Amino acid sequence: MQYLWFPVTPFEQNCSLIWCSVTNEAVIVDPGGSSPELEKKITELNLSIKAIWLTHGHWDHAGAGKYYADKYNIEILGPHIEDTFLFESLPEQAARFGLSSETEAYLPSKWLKEGDSVEIGKLKFDVLHCPGHTPGHIVFIEKTQGKAWVGDVLFNGSIGRTDFPRGNTADLLSSIKNKLLPLGDDIEFYPGHGSSSTFGREKRYNPFLK
């Protein structure tokens, strides 16, 4: 597995490019905004983009999903269907930040649910439904190499906000404590904002998990 991060949107959201070094097949995770650097790297590495994976429907994560789906003629996979209302309101979300002309409403090609898996090349990622930040939030776990893409569920030293529509603090903490942390202390995770960490480090030091 190879991967790179590209901060996008005014919120410095971590858009990720993940690829299988054996097959050169790749996915884009949470392309909230278009990124010339991302597109340049795809060309330089001669990657074959196969899909877009979305953790949830907030504008800074999903805003450019349709742009890249059209550009590379690929499917959009995820999140859970409970985030439908967020995809339908993408233009309104963007308008709050004066960016309405950059975003249009769309729906993913396929919703994902707990127990699903997605593959890229020889890599397989398990899908966990982790509501709280949004009701349809999912995360992608690659257990063989101990990597996780968790969107806005968990951060280095913090947790996702729950003051957005249909956010729920109890659900968020349950998702973290009952689904993510039991996967193992050594799992390294990549959040939607900020730097990476491990589940073990957050278990020990994250003040919101005490």
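Scroll up to find the structure this text is about.
Note that the structure is predicted; figures quoted are calculated from it, not measured. (Residues numbered from 1 in each chain as written. Predicted model: local features only at pLDDT ≥ 70, side-chain atom pairs only at ≥ 80, totals over all residues. Heavy atoms only, no water.)

### Some points on the environment of Leu90
Rules: Secondary structure is summarised from DSSP: a helix means a run of H or I of at least four residues, a strand means a run of E of at least two, and numbering begins at the N terminus for each. Throughout, a contact is declared for two residues whenever any of their heavy atoms are within 4.5 Å.
Within the secondary structure, Leu90 sits in helix 5 (residues 90–95). Taking C-alpha positions, Leu90 is 6.6 Å from Thr103, a pair spaced 13 residues apart along the chain. Non-local contacts of Leu90, meaning those with residues more than four positions away in its chain, are made with Gly57, His58, Trp59, Ala62, Thr103, Glu104, Ala105 and Tyr106.

### Description of the side chain of Glu202
With respect to the element layout, Glu202 can be found in helix 7 (residues 199–205). Those residues within four positions of Glu202 in sequence are excluded, and the remaining contacts are Leu154, Phe155, Asn156, Gly157, Ser158, Phe189, Ser197 and Leu209.

### Brief notes about the sheet that holds strand 4 (residues 48–53)
Let me state the cut-off plainly: Being paired, for any two strands, means DSSP has found at least two bridges between them. The angle between two axes is taken between their N-to-C directions and runs from 0 to 180 degrees, where each axis is a line fitted to C-alpha atoms and a helix contributes only its stretch in contact.
The 5 strands are arranged 1-2-3-4-5 in an open sheet whose pairing can be described as mixed. At either end of the open sheet lies a strand with only one pairing partner, and these are strand 1 (2–8) and strand 5 (75–77). Within this sheet the neighbouring strands show an average axis-to-axis angle of 25°, counted without direction. Both strand 1 and strand 2 (residues 13–19) contribute to a ladder of 7 bridges, which runs antiparallel.

### Focus on the pattern of salt bridges
What counts here: Salt bridges are defined by distance alone: a side-chain nitrogen of Lys or Arg within 4 Å of a carboxyl oxygen of Asp or Glu. Relative accessibility decides the category of a residue: with a 1.4 Å probe and only protein chains considered, values under 20% of the type maximum give buried, values over 50% give exposed, and everything between is partly exposed.
Here the structure, examined in full by the defined rule, presents 11 salt bridges. Between Glu44 and Lys41 there is a salt bridge, with its nearest N and O atoms 3.3 Å apart. Of this pair, Glu44 and Lys41 both sit in helix 1 (residues 36–44), 3 residues apart, roughly one helical turn. For Glu188, the salt bridge goes to Lys147, with nearest N and O atoms at 2.8 Å. One end of the pair, Glu188, is in strand 12 (residues 188–191); the other, Lys147, is in strand 9 (residues 147–151), and 41 residues separate them in sequence. On the basis of relative accessibility, which here comes to 14%, the residue Lys147 falls in the buried class. Three or more residues joined by partner-sharing salt bridges are found here, namely Lys40, Lys41 and Glu44.

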